[in-house]
Amino acid sequence: MDEVSLNSEPVYDDEGDEFEIEGDCAMTEYVGQTGIIQNPLPPAVGMEFESYEDVYYFYNCYAKEQGFGVRVSNTWYRKSKERYRGKLSCSSAGFKKKSEANRPRPETRTGCPAMIKFRLMETKRWRIIEVELEHNHLISPTSGKFYKSHKTLGLGTKRPLQSDVAEEVQTIRLFRTVIIDADGDGNADVDEGEFGNNVDHSNQLRFKEGDAQAVHNYFCSSQLMNPNFFYSIDLNEKGCLRNVFWADARSRVAYGYFGDVVAIDTTCLTFKYEVPLVSFIGVNHHGHRVLLGCGLVAGETIESYIWLFRAWLTCMLGRPPQTIITAQCRTLQASVADVFLELHIVFVYHLSCKNPRKLGGLLEFEAIKVALSRAVYYSLRADEFEATWEDMIQHFGIRDHKWLQALYEDRKRWVPAYLKDIFLAGMFPNQQNEVQEEALADLESRNSRFVLKPRYYFEFQLEKLYTSDIFKKFQREVEEYTLEETRDYEVSFDTSEMEVFCVCGLFNFKGYLCRHALTVLNQNGMEEIPPQYILSRWRKDTKRTYVLDHGCSGIDINNPVHRYDHLYRCVVQVVEEARKSQDRYKDAIQALDEILNKVHLIEDHPV
């Protein structure tokens, strides 16, 4: 089973109102005294237990067998005081706080990373979700060292689990409790019927008969056709498909050009479509949506999302985007923050869709809807938004409205006034749903010239550089210069650095300068837009070859697999270039025939 990894510890769960307790918690009082698991299996992601205490008992038995102690590093509680998540670590994890005593105790911890994390699932079982088995210090069961966590383990009777490998695997897969009855026959008590009849649908994809095989066949055939096709499969403890991810070679190459801003589309999950599809979406040099990978997930859980995001990041060679745009969802938010560290995370709130559902019960619904839109979309600065929001709350007496409170708490991730320092490439707040053919748009950009009604030389400049669709958008922005502005916009211009900034923030939102900034540049005698505001991602003269190239270094010509892969990549590059015109196609066919004849001659007369 593939492993799910969590690098950070989100304190809050999807239900909200939880808190966390950290530190060394005494757990020995909870350990059962009915027996010890002898030669226990190592902990693994996907193991399930009936209780929090059973997880501790199992890990403690494993620790005693290996020769290390256990302590509770973290326990998360809901507001109802119910535990829902935990972390058990090696007793050498972390470091002690520095003491100001005259004779402080010597440091015995080493910052050991060995640990397990586990959480309460919807089935009320506790599942291990992350495992680290490696220690950074020597461990030995024969060292004779005593650990506090092992204190109560010697009181019971040792009862071995099944020694047969097949039975061992089955026992762990169907584990209800790790505490073995001393009066039994040495086997773990498992109610197979109960387990089999209560399927955890969040733990496997709900495919129809033959679907899983069809998916696998598609992945295999796609990779045979193009070795750069990437896919990853996550199986649950019963060997059923839980999550899958795939991306073709073109998507992987496109990410190299347009991977600065990526939107994670979970529409199919939100609206409960039959296919639980998650898409990674970018925007290309025409401003069109481009697919950067797809996944199917068993459920909207942190574990599934984290697995999917890690698979996508692996596919893209570990290079995260600068900005990720997602729907507002606590589960999604926690998963993105866990995998993609140190980047901008932006939410998209579909106010027009949610207004009727969330505010429809209020008496002044229509007036509140208008006031909310004005506060969000007409505020140029954060302080202006804050003041307008407060006026709305007071005027309508809706300070205690929970949905509006949640909106306000997340304001820095979705209100435009807070996002003006983040480049969004035109993907916020919405993108058009139509996906146009990039090749046709490329052709139109190369062959078309616009009939300009120039107001600035800037238009001539960008008409030569940008693709048709992006230039049209820029031209519409310029044309609005003739319209009378209904408000003032503050524009700052640094003549020494040639930097211009407008309070409207259009450049980071859309990727081209606004009419307000262009006016200031024009008034200061600037005939061309400064080069830092000419983005290569929009240029039509940039050569983009959609062939994944990892370079030729490391090719072993004595290895037939290396020879095949290298030749394949070279030929695909020829195909990409030759398909662009009839003349190129004819020349390529002729050249390939000549090469094939030469290769046949070499085969006929080996050296």
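In case you missed it, the structure is sitting above this.
Heads up: these notes are all about the structure in this document. A quick note: this is a predicted structure, and the numbers were derived from the prediction, not measured.

Observations regarding the sheet that holds strand β15 (residues 344-348)
The strand order across the open sheet built from seven strands is β9-β10-β13-β12-β11-β14-β15, with neighbouring strands paired in mixed fashion. Single-partner strands in this sheet number two, and they are β9 (230-235) and β15. Neighbour-to-neighbour, the strand axes of the sheet open up by a mean angle of 20 degrees, direction not taken into account. Where strand β14 (residues 323-327) lies against β15, five bridges are found, and the strand directions are parallel. Paired with I324 across the bridge in β15 is I345. On top of the sheet, helix α7 (residues 302-315) reaches β9, β10 (241-247), β11 (261-265), β12 (277-283) and β13 (289-297); it is set at about 25 degrees to β10, its chief contact.

Focus on the side chain of N243
Structurally, the position occupied by N243 is in strand β10. Classification of N243 as buried rests on a relative accessible area of 1%. A distance of 3.1 Å separates a polar atom in the side chain of N243 from the backbone nitrogen of A298. Side-chain polar atoms of N243 contact the side chain of S304, separated by 3.1 Å. Not counting residues within four places of it along the chain, the set of residues in contact with N243 comprises L205, S232, I233, D234, L296, V297, A298, S304 and W307.

Quick look at the packing of aromatic side chains
For the structure shown, the criterion picks out 29 aromatic pairs. Residues Y52 and W126 carry aromatic rings whose centres are separated by 5.4 Å and whose planes lie at 90 degrees to one another, so their mutual orientation is edge-to-face. Here the residue Y52 occupies a position in helix α1 (residues 52-66), and W126 occupies one in strand β7 (residues 126-132), the gap between them amounting to 74 residues. Accessibility classification places Y52 together with W126 in one group, the buried group.

Examining the environment of E459
Structurally, the position occupied by E459 is in helix α14 (residues 457-465). Remark: the alpha-carbon pair of E459 and I529, spanning 70 residues in sequence, is separated by 9.6 Å.

Examining the pattern of salt bridges
Under the counting rule described, the total for this entry stands at 18 salt bridges. R381 serves as the salt-bridge partner of E490, at 2.8 Å between the closest nitrogen and oxygen. One end of the pair, E490, is in the loop between α15 (468-479) and β16 (491-494); the other, R381, is in the loop between α10 (365-377) and α11 (382-396), and 109 residues separate them in sequence. We classify R381 as partly exposed; its relative accessible area is 34%. Between E477 and R515 there is a salt bridge, with its nearest N and O atoms 3.0 Å apart. Separated by 38 residues along the polypeptide, E477 in helix α15 and R515 in helix α17 (residues 515-523) bring together distant segments of the chain. A residue is classified by how much of its surface remains accessible, and R515, at 12% relative accessible area, is buried. Through salt bridges with shared partners, a single ionic network connects E577, K580 and R584.

Points about the packing of α10 against α11
Running from N to C, α10 and α11 point in directions that differ by 165 degrees, and their axes come no closer than 9 Å. In terms of their interaxial angle, α10 and α11 are classed as roughly antiparallel. Between α10 and α11 the crossing geometry is left-handed. Residue-level contacts link A367, I368, A371, L372, A375 and V376 of α10 to F385, T388, W389, M392 and F396 of α11. Taken together, the residues of the contact of α10 with α11 sort by class into 10 nonpolar, one polar and no charged.

Concerning the state of the cysteines
Counted by the stated rule, this structure contains zero disulfides. Here C502 is not cross-linked by a disulfide; its sulfur's nearest cysteine counterpart is in C504, at 3.5 Å. The exposure class of C502 is buried, given its relative accessible area of 7%.

Calculation criteria
Residues numbered from 1 in each chain as written. Predicted model: local features only at pLDDT ≥ 70, side-chain atom pairs only at ≥ 80, totals over all residues. Heavy atoms only, no water. Pairing = 2+ DSSP bridges. Helix = DSSP H or I, 4+ residues; strand = E, 2+ residues; numbered from the N terminus. Axes fitted to C-alpha atoms, helices over the stretch in contact; angles between N-to-C directions. Contact = heavy atoms within 4.5 Å. Buried < 20%, exposed > 50% of the residue type's maximum accessible area, 1.4 Å probe, protein only. Polar contact = N/O pair within 3.5 Å; in protein donor to acceptor, adjacent residues only side chain to side chain. Phe/Tyr/Trp six-rings, centres within 6.5 Å; stacked < 30°, edge-to-face > 60°. Salt bridge = Lys/Arg side-chain N within 4 Å of Asp/Glu carboxyl O. Parallel < 35°, antiparallel > 145°, perpendicular 65-115°, else oblique. Left-handed = near helix turned anticlockwise from the far one by under 90°. Nonpolar A, V, L, I, M, F, W, Y, C, P; charged D, E, K, R; others polar. Disulfide = S-S within 2.5 Å.

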